[in-house]
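# Overview (structure and organization)
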Amino acid sequence: MLGWKYLSLLGLLIILNIFTIEVKAEEEDVVTVLPDCDDLEDISGTSSTPSSDPGSDEGTDEDLLCLDGSVLYNVTNNEPVKNLNENQYIVINCLDDEVCTSLTNYDNIDEIFDLLIYQYRDGKVTQKKSFTYLDTNNKKLITCKSNGACILESDEGYYVNDVSKSSFTDSPLINVDEIGDATPVANVKAGNTYAGADYKVIECKTVSSMVKCAAREGRLGEIFVNSAGTGLEDALIECSEEPPVDDGSDSGSGSDEELPEMDVYCYPKEATPKEYYLNSGLNRTTKPLIECNDSKCEEKVGESGANYLNAARNNLTDAIIFCSNNKCEKQTPAGVNKYYVGKDGDDVDGLIECLAGEGSEEDQCNLKSAFTSEGYYLNSGYNKSVNQTIICDSTEGCNALKVDLGYYVNAGNTEKPIIKCEKEGNECVEEASSACPEISKAVPGNYCYESGQLKFFTVNNSTAITATRSDNIYAYAIIPSYGFPGIKTETGSLFKISRFFITRYYKSGIIMLDKNGKLVDSLDGDTSDITLFDCNETTKKCNEREGCTSNTYMYDSENSKVVFCNDGKLEYAKFTGYVVDANRFGSGTKHPYIIQCKGGENCISIKPKVSTYYENNGYDSNINGLIQCNSNNCMTVAAKVGYYVAHGENENAGIIKCTSITSCSYIQVKNKIKYVNAGYDKKNNAIIDCYRGKCSVAKAKSGYYLTHTSTLLIQCTSPTSCTEFTPTVNYYDNADSSESSNTIINCVQNSNVVTCSSEATNNGFYLSSISNVLIRCKNGQKCKTIVVKNGIFRGAFKGLTSNKRSENVKNVHERTDDDLEEDGKMVNLRDNNDDAYGIIRCVAGKCAALSASELAAIPMCEFNNNKCYITLEYAMTKTATTSIAAGNICTNNDRSVFYFATDTVVVKPNVISGVTSTYVYTTTNTNCLEVNDSYNDMFFTVGSNIYTLDQGSVFQYYETGYYFINVAKNTLVGGNEIDAYNDENVKLYRCNGNSCSIIDKPDANTYYADVNKRILKYNVNNDVFTFAYEKDILCIFSNNKCTPNADMKDQEFCITYKGEIALTTADIKNRETGECYRANSISNYIYGYSQHLYHMNQFAAEMVDQTGFYIISLSTNTTVVSKNYKNKNNSIVVYGCTLSSCKVYEPREDTYYYDAQAKNILRYRNGVWNSPSTSGFAYIALDPLNTYIYKFEKEGDEITIQGKANYGYYYTIDNEMYKCDEEDGECKLIDRTGYYFTNSGEVYSCVYDSEGLEATECIRKNCAYYRCEVSSLLVPVVSRYCSYDENVVMNFPLALTEELPDKIKQGIDDIQKNNNSTAVVKRRETKSTFDLVCLNNYVAVDEKTDEVKICNVDQLGYVECVEDEENPEKCTISEAFHSWKPSLFFTIIVLLFGVAMNVYL
C-alpha cells in the first residue's frame, strides 16, 4: 500500500515537471516575428505606429514592414522595399507583432527590445538565426539566438564571433567597450585567453588552420594570463565563486544585483611583481607556470627542480608550485618549519619558509629574499636526500647544499638547534644538543652546542676546540667506533671545525696547516712549521706526509692554488694554463688529474673523461710542450708539429696548434673545419672534426677535405690515414659532401697561389689530380670517385677541352691533327664553342679531356627508336668520321647525350630510293642505344669486351670475376633458375681486372663462384651447368682456415663474404673452424685437395682429371720449383691421380716422381727432396700405374722424358744398376755380384751385399786384356778400340800365367767344379774385374732341369741344346746373356774366355 503511494507521488512529480518544461518552452518560444502582409487589415490608411517610435527617424507609418512570403514589403505603399543592396543585412525592431520597422539609429534602443535580422539576396530576405551581426558603421554588436530573437549587446567585455555564422569574418573575437561600442579584436592567436562579458572564459585555438575561440564556464581556482591585459592591473583572469567587486566605475557590468547567477565567475585580476601561479590556459602543457614581473604576467616553462611560492595560496594547502621536466604541480608542505629554495623573480633565489601562524592566524608559507643565514636549514625540497641542507647568502642567494657527514647548526628550529647527517644519500635530521661533557669524561668525537657555539673534542681529557667567525680550525683525531657520523670502526681522520658545522675533511688534494690548526694560505715565509696532509675523497682519509717529491705539482684544494715542490721546498706556482697533478694517483702509477689555473689563482682540479690534450705550462714545458690525457692517465709529452684535440673536458673543446716541439697554442674553433690529427690515436682517428664550436677526433672518409687555410687540402687515403698537402689546379672529391649538400672542391690559381673552395656540382664527370681517377656527380647523390682503365665520359660542364692533344690519349679513330686541319682552319661544327660539353677519354688508366680536334673525330648522330645515323651536316665536314663500329659512340649536337653503337653506324643515306646495308655486326634492325641510367644494370658485349652504360658514360668493364652474360638480352644471369645459365645465348666471361675473355667449356668438372656469389658446377659429361648445392654456405676465410655459417657435410666448397670460392679439406660444423684452400687472385692458381684434387683460382676450381703425379709445395699450394725443395723447411706433398681419382702418396726413396705440370722429377731420400743434376737414366714414376727406367734430358730446371728403357741393364744417374725384365715388365735393382753390360754399351762390375749392410757398388770397366787378331797376334783390349755391339774373345795365354791376376792364375792352376770366382788385374794403376764364363766347347748339364747346355764362344755363354726339326741332332742357340755366368769345369789348356762389349762411344 505504501509502495503505491510512492508511485503516485512520483507520477505527480513527473507530470508537474513536464508541465513546467512545457511552460518554459512556450515562454522561450514566444518570439516577436515580422508580420505577414496578408494578416494586416487595411493598414494603409491607419497610423498604427506611434509618432515617437524610438527606432524610427521620422515616426511615420512609411517605415512599417511586413513579409509576403520571402519578400519584404513596405506596408504604406504595399510594395517591396526598394534600394536594398545585395547581401545587405536589415536590422528590424518590433514593438509588437504588427509594428516592425527598419532600425537605423541605436541611440534609443535598449537590449530588451526585440530585434530581428534579415539578409537580402536576389529580391528575397532570409531571417538569420544563431548569428552574430557587427554593425561596423555604428560599432554595434547584435547576437541572435537559435529561435531568431536578437538583442543588442551593451555589456562590457569580449564576445565569441563564430565567423561561419557572422557578418564579420576577419576576427574570431569582438570586444564591447564601456560605452557600448563594438570592435573586432585584432591579432588573436592560438593559446590566447580572454574574460567573456558573461563571466565565462574564452579560449582560442587553431582549428583547421584557422584560429577559433570558444567560451566555457570556468573552474574554481583557475588562473589565466589575460591576453587583453594592458598592465599588471588586469594581467590575469581569475575564476572564483565570488563575483567581481563593483569599484564604483561605470564598467558596463552593472551592480552585483545585475550579475547572472553562476557557480564560478571568471574576470580580470590585478597581479603583483614576483608572483607565480599554476597556468590553467591552453598552453599549460608546454608552459605550465605563470610568472609576473614589473609590467606583465607571462606563461613560462618553469625551471626544472625549482620551487615557486603559489600566489593563489590561502594557507599551507597548495602553497608550493614545484616544476620538473617541463611539468609543474601544486604541493602542500608536510607541516611547519619546512624550508625550500624559492625563486624570487630575476633576483637570486630566496628561502620559502613555511611557519606556524601567530595566534589565530593560519599557518602560512612566505618567500624571504636572499639574506645571510646564521647556520643551515633542513631542506624539505624534492632533492632533500641528496642536498640535505639549505644555506643562504645575501649575495649568492639560497642554495640547496650536499653536505658531508657531521653536525650543523640548525637556523630553522631553535628547539632542535643541531642538524645531524649520519648516512650518505639519506636525509639529515634535527636534534637537540647534548650538554657539554666534563673534560675528564670527554672522548674524541664528542661535540656540544653551547652559547651559540659548536664545540668539538679531539682527544681524551682535553678542552674542546671551537672556531671563530673568521677562522676555521682543522684537527686530526682518532675516533672510536661509531664516535662520529659515518665512522664505524676506529679511524684516524682530519676534521674541519667551523662556527656552523663540524665535519670530516677529505677533499682530494693537499692541505697545509700551521701549528695552531689553521689553514696556511701563504708560503712566503718560513714553512718549517707547516704540516702537510694528503687527502683522498675516495678513501675519505687524510694522511700526514713528510716533505714532497721534487718537480711535482700538488693541488691545494682549500685555497684553490697549486703548490710546486722545488727541490723539497714548497712554493705556490704562478702560471696560467695546465699542469699534471702528480700528487694524485689512479690505478697503479697513473695520474688521472690535471690542474688548471689563471695566474696561479682560482685553480681547479680536472679529471678528463675523454682522450684529449692540453698545453703544458709546467717546469718541463721547454721539452714537453703538451699534456696528453688518455685512459685515466695524464703525462707531459713532446709535441710534434700539427693539430691536437684540446680541452676535451668541456663542451667547447677546441684544438692545440703546435708549430714546433715546444710552441703550442690553444684555438677555440667556431666554424666547421677539419684538421689532420697529430695525436696518439691518429692511426684510428685520422681527422679532427670541428663543428659548432666543438672539436673531436673522427674516422676519416676517403677523399679530400678543406682545412684551416684555402691553400692546403687534407687527403685521406683510408679512414685512418690522412695528410696535409699543397694542391695543384684540379678538382678534388669532397669527403664532406653528402646527398643533401653535394659539393666538389675546386682548386684554381690566383696569381701565383692555388686556392681551394667548395662549389655546387653539375651532372657529369670531373677530372681529378690522379690520371686514372674521375669524379662522378649526379643530382641528389654524393659525388663518387671511380678508378678507370678504359672508357669515355661526358664532362660536367661545357667548354671542357684540353689545350693541346694529350700525349697519352689517342683519338677514338686514330686520326691525327693533320687529318683534321685544312688551310690552318679547324672545322668541327659547334665543338669549338662553349655551348658543347667536353668529353673525357680514359685509355690504359690515363684520362684527359679531348682536345678540339679529338672531339671533332667523334661523330654527331641523329637518334630514333634505337637507330642511329651520322648526321649529314656532320658528315659534310672535311674532318668527319663517317662510320663507327660496335662498341664506339656518337653524340648529339651539344655532346650532352651519348649513343652507344651496338652495330655499325653510318651516314644517313641521302637517296630517294634504294636500300643501304647498315648493320653488319648483328642481324637486328637497330644499331645503337641512348646512354642513360636505364641501362646501368646491363652488360653489352662486343667480342671479348664488356661495356656498361650509365648516364654520360660508356665504361669498358674489367671488374674481377666470372660473369654469365646473356649476350642476346645483355643481362647478367642470376637468380635460382638454372635454365637461365644453360641458355644458348649465355657466355661465360672471365675478367681479371685488366681484361676480359670468353671462357671455353672446361675439359673437366669445374666449380665457379660467379659475381652473384653463387656456386655453379659444370658437368663435363652432361655439358650443363648446375647449382653445386641447394643452398650455398657462407664462410669466413683467414690464415688457411674456414669458419662456415652452417654445417658443411659432404660439401666441399663454401663461398666467402667477398664471393670467393673456398675448398674445405673435411666436414666442418657450423661456426667451427677447419682447414681450407683459397687462391689469392683470379690469376693465381693453386692446388687444393678434398674429396678430389682441384686446380683452382680465387673464383673457380677445376677438378684434376689427368693421370699423373702432382708434386705440390704446402707453403704455396703450387707445383714445386727449385726453391721449394732446396729449402728443408718447406713441406712437399705428392698427389697421384688416375684420371680424377687422386690420393696422397708416400714417396719411395728409390723412385723419382715426374710432375708434368712442373716438368720436373724429384726423389725423396734421407729426408731431402732432390732433382737430378744431369741427364741420363732414372727409375721414374710417371703416374701411379707406370714406374720404370726412363731416359730423360735436363735443360736448366726443365726435364724432358725422352723415352722408356728396353729390356736389359741400365746404370742410372744415382749409380744404381737396374735390370728391366721382359717377363714381368718391371725394372728392379740387381741382387747379385757380377759383371753387367748395360744397354748403353758399358761394362760394370757390381758388388752386392746380400746382408743389406752396404749399398751395391758398381764400377765401370775398361778393356784390359788381349784379343786374337790376324796372324794370331795378341793385342791388348782397350775401350777405345771396342766397337759397338762387338763380341770380343779375350785370351789369357799360359805363358803369361805369372802375370795374370791371382784369382785367374788360381783358376787356371786349380780345376774346380764351379768357377764363379772373380778375376782382378792391376794394370796401369787401374782395376778391371771380370767373371770367368765357360770353357771353350765344353758341355754342361743344368742341375735343376737336367738339360744339356754347351759353351758357345760366339754367344759368350752356355746355350741350350734343342732339337731342330730342320737340322736334326743340331743345337738351337738360346738368346745370349748380357751377364756372364761361370762354367762348371776347367781344362788346363789355353783358356778362351769371351766377353761381350757393347759400348756407346
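Predicted model, so just to flag it, every value in this text is computed and none were measured. (Residues numbered from 1 in each chain as written. Predicted model: local features only at pLDDT ≥ 70, side-chain atom pairs only at ≥ 80, totals over all residues. Heavy atoms only, no water.)

Turning to the overall build of the protein chain, a few remarks are in order. Broken down by element type, the protein chain carries six helices and 121 strands. Across the 1401 residues that make up the protein chain, the buried fraction comes to 45%. Intrachain contacts of the protein chain at a sequence separation of at least 6 include 49% that bridge at least 24 residues. Split by element, the accessible area of the protein chain, about 72500 Å² in all, is 45% carbon and sulfur. (Helix = DSSP H or I, 4+ residues; strand = E, 2+ residues; numbered from the N terminus. Buried < 20%, exposed > 50% of the residue type's maximum accessible area, 1.4 Å probe, protein only. Contact = heavy atoms within 4.5 Å. Areas by Shrake-Rupley, 256 points an atom, 1.4 Å probe, with all protein chains shown as cover.)

Okay, unusual backbone geometry next. Of note, Asn78 is a non-glycine position whose phi angle comes to about 55°, a positive value. Turning to its location among the elements, Asn78 is positioned in the loop between β2 (71–74) and β3 (79–80). Residue Asp1023 is not a glycine yet carries a positive backbone phi of 60°. Looking at the element boundaries, Asp1023 is found in the loop between β87 (1015–1019) and β88 (1024–1027).

This next bit is on the state of the cysteines. A full pass over the atoms with the stated rule returns 29 disulfides. Cys861 shares a disulfide with Cys890; S-S distance 2.1 Å. Handedness of the Cys861-Cys890 disulfide follows from its S-S torsion of about -115°: it is left-handed. Linking Cys861 in strand β72 (residues 861–864) with Cys890 in strand β75 (residues 889–891), this pair joins segments that are 29 residues apart in sequence. The pair formed by Cys861 and Cys890 is uniform in burial state, with each residue classed as buried. There is a disulfide in this structure between Cys991 and Cys996, and the S-S distance comes to 2.0 Å. With the S-S bond torsion at 110°, the cross-link from Cys991 to Cys996 turns out right-handed. (Disulfide = S-S within 2.5 Å.)

Below, the discussion takes up the sheet that holds β3. As summarised here, the arrangement of the three strands in space is β1-β2-β3, forming an open sheet in which the pairing is antiparallel. The sheet is open, and its two borders are formed by β1 (65–68) and β3, each paired with just one other strand. With four bridges joining them, β1 and β2 adopt antiparallel strand pairing. Within β2, the position partnered with Cys66 by the bridge is Tyr73. (Pairing = 2+ DSSP bridges.)

The next subject is the side chain of Thr871. Mapped onto the secondary structure, Thr871 falls in the loop between β73 (867–870) and α3 (872–875). In contact with Thr871, not counting residues within four places along its chain, are Met860, Cys861 and Glu862.

Here we take up the pattern of salt bridges. This model, assessed by the stated rule, comprises 38 salt bridges. Linking Lys343 and Asp349 is a salt bridge whose minimum nitrogen-to-oxygen distance equals 3.0 Å. Salt bridges here are not isolated pairs; linked through shared partners, they connect Glu203, Arg216, Arg219 and Glu222. (Salt bridge = Lys/Arg side-chain N within 4 Å of Asp/Glu carboxyl O.)

A word on the packing of aromatic side chains. Counted by the stated rule, this structure contains 57 aromatic pairs. Relative to Phe484, the ring of Phe456 lies with its centre 5.9 Å away and its plane at 80°, an arrangement referred to as edge-to-face. Pair noted here: Phe456 is in strand β36 (residues 453–456) and Phe484 is in the loop between β37 (473–479) and β38 (491–497), with a separation of 28 residues, a long-range link. A single burial state applies to Phe456 and to Phe484, both of which are buried. A ring pair is formed by Tyr1089 and Tyr1135, whose centres lie 4.9 Å apart and whose planes are at 40°; its orientation type is tilted. With a gap of 46 residues between them, Tyr1089 in strand β94 (residues 1086–1089) and Tyr1135 in strand β99 (residues 1132–1138) connect regions that are remote in the sequence. Taken together through their ring pairs, the aromatic side chains of Tyr962, Phe964, Tyr981, Tyr1008, Tyr1018, Phe1025 and Phe1027 make up a single cluster. Its guanidinium or amino end placed over the ring of Phe131, Lys128 lies 4.9 Å from that ring's centre, counting from NZ or CZ. (Phe/Tyr/Trp six-rings, centres within 6.5 Å; stacked < 30°, edge-to-face > 60°. Lys NZ or Arg CZ within 6 Å of the ring centre and 35° of its normal.)

Below, the discussion takes up the pairing of β87. The element β87 is extensively covered by neighbouring structure, given that four of its five residues are classed as buried. In terms of strand pairing, strand β86 (residues 1006–1009) meets β87 through four bridges, oriented antiparallel. Within β87, the position partnered with Thr1006 by the bridge is Tyr1018. With antiparallel pairing between neighbouring strands as the criterion, β86 and β87 make up a hairpin whose turn holds five residues, including Lys1013 at a positive phi of roughly 60°. In this structure, β87 lies alongside β88, joined through four bridges in antiparallel fashion.

Moving on, we get to a negative patch on the surface. Together, Asp36, Asp38, Asp39, Asp68, Asp96 and Glu98 make up a region of like negative charge exposed at the surface. The residue Asp96 is located in strand β4 (residues 89–96) in this model. (Patch = residues over 30% accessible without salt bridge, like charges linked within 9 Å, V, L, I, M, F, W, Y side chains within 5 Å. Lys, Arg positive; Asp, Glu negative; His and termini not counted. Charge placed at Lys NZ, Arg CZ, Asp CG, Glu CD.)

Moving on, we get to the nonpolar core. Ranked by size, the top nonpolar core spans 27 residues in total, and within it Phe484, Phe495 and Ile497 carry the most contacts. Put simply, the parts of the chain that give this core at least two residues each are β32 (406–409), β33 (418–421), β36, β37, β38 and β39 (501–505). The dominant element in this core, judged by the number of residues it contributes, is β37, at four residues. In this structure Phe495 touches Phe456, Ile473, Tyr474, Ala475, Ala477, Ile479, Phe484, Ile487, Thr503, Arg504 and Tyr505, once residues within four positions along its chain are discounted. Of all hydrophobic cores here, the second largest spans 24 residues; its members include Tyr1029, Tyr1077, Tyr1094 and Tyr1135. (Core = buried A, V, L, I, M, F, W, Y, C linked by side-chain atoms within 4.5 Å.)

The next point concerns the sheet that holds β75. Taken in spatial order, the three strands of this open sheet run β75-β76-β78, and their pairing is antiparallel. Each edge of the open sheet is held by one strand with a lone partner, namely β75 and β78 (928–930). Sheet twist, expressed as the average angle between the axes of neighbouring strands with direction ignored, equals 30°. Pairing of β75 with strand β76 (residues 898–901), which is carried by three bridges, proceeds in the antiparallel orientation. Opposite Cys890, over in β76, you have Tyr899 as the bridge partner. (Axes fitted to C-alpha atoms, helices over the stretch in contact; angles between N-to-C directions.)

So, about the environment of Leu929. As for its position among the elements, Leu929 is in strand β78. Contacts of Leu929, omitting those with residues within four sequence positions, involve Phe863, Asn866, Phe898, Tyr899, Phe900, Thr902, Tyr935, Phe940 and Leu949.

Along strand β45 (residues 569–572), the buried face is formed by Leu570 and Tyr572; none of Lys569 and Glu571, which line the opposite face, is buried. When strand β44 (residues 561–566) meets β45, the two strands line up antiparallel, connected through four bridges. Within the sheet, the bridge partner assigned to Asn566 lies in β45 and is Lys569.

Following the sequence through the fold, Leu774 ends up in strand β65 (residues 773–777). For Leu774 and Ile840, which are 66 residues apart along the polypeptide, the C-alpha to C-alpha distance reads 9.2 Å.

Let's shift gears to the environment of Pro1044. Inspection of the secondary structure puts Pro1044 in strand β90 (residues 1041–1044). Between the C-alpha atom of Pro1044 and that of Ile1033, which follows or precedes it by 11 residues, the distance is 6.6 Å. If we ignore the near neighbours within four places in the chain, the residues touching Pro1044 are Ile1033, Leu1034, Cys1035, Ile1068, Lys1069, Asn1070, Arg1071 and Glu1072.

The next thing to look at is the confidence of the model for the protein chain. As a note on interpretation, predicted positions should not be read in detail where pLDDT is low. For the protein chain, the mean per-residue pLDDT works out to 83, and 81% of the residues sit at or above 70. This stretch, residues 248–257, has a pLDDT under 50; its non-local contacts, to residues over four places away or in other chains, come to 13 contacts. Note on residues 911–918: pLDDT is under 50 here. Beyond four places in sequence and across chains, it has five contacts. (pLDDT = per-residue confidence, 0-100.)

Moving on, we get to the side chain of Ser1171. Positionally, Ser1171 belongs in the loop between β103 (1168–1170) and β104 (1176–1183). Its relative accessible area of 16% is what places Ser1171 among the buried residues. A distance of 2.9 Å separates polar atoms of two side chains, one belonging to Ser1171 and the other to Asn1160. (Polar contact = N/O pair within 3.5 Å; in protein donor to acceptor, adjacent residues only side chain to side chain.)

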